[in-house]
Amino acid sequence: MVLSESLIRATPEVSAQSLAANLEAVCGIGPRWHGTPAEEQTIELMSERLRAVCDQVELEEFPYAHYTPQAASLQIARPLQRSFQCVGVQYSGAGLAAGELVYAGQGNQEDFQALGQSGAPLRERIVLMRTNRPYQAGRYAQAGGAAGIVVISDSPFGTIRQMTSQMGYEPGEDLAAFGLPIPGVIVSREDGELLLSLLSAGPVEGRIEHRGIVEIRRSHNVVGYQWGKEGQRVLIGAHYDTQYGLDGAWDNGSGCAALLEIARVCAGSAAKRTRVFCAFGGEEIGLFGSTAFIRHRAGELAGLLAYFNLDSTSGDVPYTHDLQTTERLAGLARELVTAHTDWRITTFRNFNLLDHEQDAAEFVKLGVEAFWAHEEGNAFFHTVYDRLDTVDAAKLARATRVALLPFHYLAHAEVVPF
Ligand SMILES: [Zn+2]
């Protein structure tokens with residue numbers, strides 16, 4: 001692929017200091033769970049900072065299913081009596097479920113197929129799984145007739161990961177019915193191991209309860225524009241919300257900080273194409289902001305050159321570098337990242353439509369080219385340990401450049417190289 005060296009050299013430098021200031025401002029607000037005053041403050045902060053560097057900034061309203069956790073419990077009655085600490089699988093069914101526990105491994109389709117072949121019934125059972133994707137695994141359990149699910153969190157130190165039971169929604173879907181119809185709870189890794197050890201010795205009778213309130217409310221995406229000389233657009237986005245009660249420095253304070261810094265350093269130049277900067281709401285609970293954003297613009301997709309996702313951009317605990325793109329963008333992305341950054345790609349993948357789990361998902365589904373460079377393997381994700389002291393600004397600067405480079409290239413290129 002022949003790329004313009006002068007255009008690559010013209011990529012502006014990002015500042016670690018400025019990224020650190022952005023990150024502190026965002027994380028300083030505290031947990032940014034939707035429907036809270038902190039969410040409002042975050043929208044205000046992102047708007048204010050984008051207004052300083054964009055030609056125009058608007059708030060885009062979207063509907064979402066608001067979730068308030070109320071109660072979650074898990075007890076076993078056989079082979080011994082015991083209660084476990086747990087949290088609810090967000091938006092799972094409200095109510096009780098009782099029955100024998102059955103283990104479904106990682107909760108993948110193959111795990112359920114293997115269970116089916118082994119003759120183990122799911123009907124009226126409570127399915128136990130180790131998964132970070134209850135929104136997928138829960139559907140397989142429900143389809144098999146399970147009464148409820150127990151998810152084992154693989155996070156360390158007794159933490160329990162917060163997770164939702166649905167990602168994205170279909171056009172016209174009733175948001176009041178958002179989520180998994182059967183109840184679900186999440187337990188720590190340690191408690192999960194105890195349950196598995198009991199289960200490997202004989203039948204375990206369990207009972208779970210989940211209660212939560214789901215209401216339809218409205219939230220906002222913050223959308224900033226730097227106008228280009230012609231009609232085409234390149235879009236970059238980061239979700240500003242966090243999981244329930246969590247600081248979310250890596251997920252996604254780091255992406256918000258990167259978004260603001262990229263908008264700042266791009267502001268100095270006139271580009272051929274319009275650059276759009278979007279802080280999405282409602283990602284953690286089900287991709288509400290990005291889904292609404294792309295559906296509102298369904299008629300303009302031909303003019304949208306690519307979407308760059310900034311999510312879980314940089315933390316400072318053990319991680320690997322995962323790059324995902326659409327097929328057409330792969331060559332450009334790999335060449336720019338490999339030859340012009342010191343961010344080493346550990347895994348490269350084309351987006352998989354089944355992994356409907358971050359803000360690029362609906363873009364990919366609708367045929368928009370997309371790019372997501374992120375860190376994988378952060379054991380603290382969606383736990384209380386995802387906090388400011390686990391993000392390193394120098395490393396965040398390196399990761400920010402990885403997204404800026406192709407974003408800047410596509411905004412300015414005379415000829416689109418794919
Ligand atoms: Zn995220």
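Student: Is there a simple way to explain the environment of serine 188 in this structure?
Tutor: Mapping serine 188 onto the fold places it in the loop between strand S7 (184-187) and helix H6 (189-201). When the 22 C-beta atoms within 10 Å are taken as the criterion, serine 188 is described as buried. Put simply, serine 188 and valine 151 are 37 residues apart on the chain and 8.7 Å apart in space, counted from C-alpha to C-alpha. Residues within four places of serine 188 in sequence aside, it is in contact with Gln85, Ser153, Gly158, Thr159 and Ile160.

Student: Would you mind showing me how to read helix H5 (residues 134-143) here?
Tutor: Owing to its 3.6 residues per turn, the α-helix aligns residues three or four sequence positions apart on the same side. Along H5, eight of the 10 residues are buried, which leaves the element largely enclosed by surrounding structure. Those residues of H5 not exposed but buried are Pro134, Tyr135, Gln136, Ala137, Gly138, Tyr140, Ala141 and Gln142. Those residues of H5 hidden inside the fold are in contact with helix H4 (109-118), strand S5 (126-130), strand S6 (148-152) and S7. Positive backbone phi, approximately 90 degrees, marks glycine 145, located one or two places after H5.

Student: Just to check I follow, could you spell out the domain arrangement of the chain for this structure?
Tutor: The extent of an interface is frequently quoted as the accessible surface area lost upon association of the parts. Split by domain assignment, the chain resolves into domain 1 (5-55 + 227-412) and domain 2 (66-213). Of note, the centres of domain 1 and domain 2, computed from C-alpha atoms alone, are 31 Å apart. The partner domain 2 presents 18 residues to the 21 residues of domain 1 that form the contact. When its residues are assigned to classes, the side of domain 1 that touches domain 2 shows nine nonpolar, eight polar and four charged.

Student: Can you walk me through the packing of helix H2 (residues 16-28) against helix H11 (residues 393-412) in this structure?
Tutor: Between H2 and H11, the least distance of the axes is 8 Å, while the angle of their chain directions is 105 degrees. In terms of their interaxial angle, H2 and H11 are classed as roughly perpendicular. Of the residues in H11, those in contact with Ala16, Leu19 and Ala20 of H2 are Ala393, Ala394, Leu396, Ala397 and Thr400. When its residues are assigned to classes, the contact of H2 with H11 shows seven nonpolar, one polar and no charged.

Student: Just to check I follow, could you spell out H2 for this structure?
Tutor: Compared with the 18 Å implied by 1.5 Å per residue over 13 residues, the 18 Å span of H2 between its first and last C-alpha is a close match. Every buried residue of H2 is listed here: Leu19, Asn22, Leu23, Val26 and Cys27. An end-on view of H2 places all buried positions within 120 degrees of arc, on one side of the element. H2 presents Gln17 and Gly28 as exposed residues on the side facing more than 90 degrees away from its buried surface.

Student: Honestly, the packing of helix H9 (residues 330-340) against H11 in this entry has me stumped. Any pointers?
Tutor: Two quantities define a packed helix pair, namely the angle between the helix axes and the distance between the axes. Direction vectors running N to C along H9 and H11 enclose 125 degrees, while the axes themselves pass 10 Å from each other. Taken as axis vectors, H9 and H11 run oblique relative to one another. Note on packing geometry: the crossing formed by H9 with H11 is right-handed. Facing Leu332, Ala333, Leu336, Val337 and His340 of H9, the residues of H11 in contact are Val402, Leu405, Pro406 and Tyr409. Along the lines of polarity and charge, the residues of the contact of H9 with H11 split into eight nonpolar, one polar and no charged.

Student: How should I be thinking about the environment of glycine 158 in this particular structure?
Tutor: Along the chain, the position of glycine 158 falls in the loop between S6 and S7. For glycine 158 and glutamine 232, which are 74 residues apart along the polypeptide, the C-alpha to C-alpha distance reads 49 Å. Discounting residues that sit within four places of it in the chain, glycine 158 has contacts with Ser188 and Glu190.

About the cut-offs
- Residues numbered from 1 in each chain as written.
- Predicted model: local features only at pLDDT ≥ 70, side-chain atom pairs only at ≥ 80, totals over all residues.
- Helix = DSSP H or I, 4+ residues; strand = E, 2+ residues; numbered from the N terminus.
- Buried ≥ 20, exposed ≤ 12 C-beta atoms within 10 Å, placed from the backbone.
- Contact = placed C-beta atoms within 7 Å.
- Domains from an automatic or database assignment.
- Nonpolar A, V, L, I, M, F, W, Y, C, P; charged D, E, K, R; others polar.
- Axes fitted to C-alpha atoms, helices over the stretch in contact; angles between N-to-C directions.
- Parallel < 35°, antiparallel > 145°, perpendicular 65-115°, else oblique.
- Expected span 1.5 Å × (residues − 1).
- Arc of directions from axis to C-beta.
- Left-handed = near helix turned anticlockwise from the far one by under 90°.

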